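Spelled out, the chains give:
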Amino acid sequence: MTGWWNEVREHYAVRGLGGRLRPGARPAVVVVDLIRGFTDPACPPGSDLDAVVAATRQVLDVARAADVPVFFTSIAFTPAELDTTLWLTKMPAMRVLVPGSDWVEVDERLALRADEAVITKRAASGFNGTDLAGRLAAAGADSLVLCGATTSGCIRATAIDACALGLPTFVPRECVGDRAAGPHEANLLDIDAKYADVVELADALALLRAPVADGSGGGR
């Protein structure tokens, strides 16, 4: 973290911002929009997220080994929605994200499994207009590890909605990325101050490996 990040965080703490969250006993992993259209710089909305993908794969490997539920989101617009979705007025680059395109597929480096849901969304938050909240409830999830892109857009929006739903959320800083450093860092700071805990990758992995709170000491 840079000096300004720590300075602002200390200022916020004095003013009563940036409290810390307690993880639940049954976390889930939500991977937001690490689709080819976002992880390939050749795609209009894409950028170099190789490091984010690699770190997120570490999270997924640990989660899968611990039987932690994993959910992915993607973005895709039907032909009719291309001309009726306000978001595309702001983000015309995403008009390439249409059903059936390779751009809307989860990055193959994350090794999507057949039993892992991919939830298609048409707004920034993974919760907006989707059944993600219901799927998490059905899985018994009481907290989230949130990975993906972009930090200033879909990660921030998903973290805000998770907070509103009462789901303590932990964002491994190595597992989120953006198209530019400034928005990435500023939004990590704001997410950490108001909506979720921004943590180190090692801390997120430890959270996923932790035994359940009933003291059984085993997996989930």
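Our structure's up above, just so we're on the same page.
Every value quoted in this text rests on a predicted model; they were computed, and no experiment measured them. Each chain carries its own residue numbering, running from 1 in the direction its sequence is written. With pLDDT at 70 or above as the cut-off, local features in this predicted model cover only qualifying residues; side-chain atom pairs require 80 or more to be listed or tallied, and sums for whole chains, interfaces and linings still use all residues. Only hydrogens and water are set aside; all other atoms, that is, all heavy atoms of the structure, feed into the side-chain values.

Participant: How would you summarise helix α6 (residues 151–164) if you had to cite specific residues and measurements?
Facilitator: Secondary structure elements are defined from DSSP: runs of H or I of at least 4 residues count as helices, runs of E of at least 2 residues count as strands, and each element is numbered from the N terminus. A helix is expected to span 1.5 Å multiplied by its residue count minus one. Taking 1.5 Å per residue, 14 residues should reach 20 Å; α6 reaches 18 Å between its end C-alpha atoms and fits that length. Each residue is assigned to one of three classes by its accessible area relative to the maximum for its type, calculated with a 1.4 Å probe on protein chains only: buried under 20%, partly exposed between the two thresholds, exposed over 50%. By the burial criterion, the buried members of α6 are T151, C154, I155, A157, T158, A159 and A162. Positive backbone phi, at 80°, marks G166, one or two positions downstream of α6.

Participant: Give a detailed account of the nonpolar core, specifying residues and quantitative values.
Facilitator: Definition of nonpolar core: a set of buried residues of the types Ala, Val, Leu, Ile, Met, Phe, Trp, Tyr and Cys, connected through side-chain atoms within 4.5 Å. Residues V29, V59, L136 and L208 are the most contacted members of the largest nonpolar core, which totals 61 residues. It is helix α3 (residues 50–65) that contributes the most residues to this core, seven residues altogether. Beyond its immediate stretch of four places on either side in the chain, V59 contacts V29, V145, C147, C175, L201, L205 and L208. In this analysis, two residues are considered to be in contact whenever any of their non-hydrogen atoms come within 4.5 Å of each other.

Participant: Could you give me a rundown of the packing of α6 against helix α7 (residues 181–194), with the residues and numbers involved?
Facilitator: Note on method: axes are straight lines fitted to C-alpha atoms, helices fitted across the in-contact stretch only, with angles between N-to-C directions ranging 0 to 180 degrees. For the pair α6 and α7, interaxial distance at closest approach is 10 Å and the crossing angle is 5°. By the angle class used here, α6 and α7 are roughly parallel. Counting all contacts with α6, which are made through T151, S152, I155, R156, A159 and C163, the residues of α7 involved are P183, H184, N187, L188, D190, I191 and K194. Considering only residue class, the contact of α6 with α7 consists of six nonpolar, four polar and three charged. Put simply, angles under 35 degrees are roughly parallel, angles over 145 are roughly antiparallel, angles from 65 to 115 are roughly perpendicular, and the rest are oblique. Three residue categories are used. Nonpolar comprises Ala, Val, Leu, Ile, Met, Phe, Trp, Tyr, Cys and Pro, charged comprises Asp, Glu, Lys and Arg, and polar comprises the others, including Gly.

Shape is all these values report; function is a separate question.
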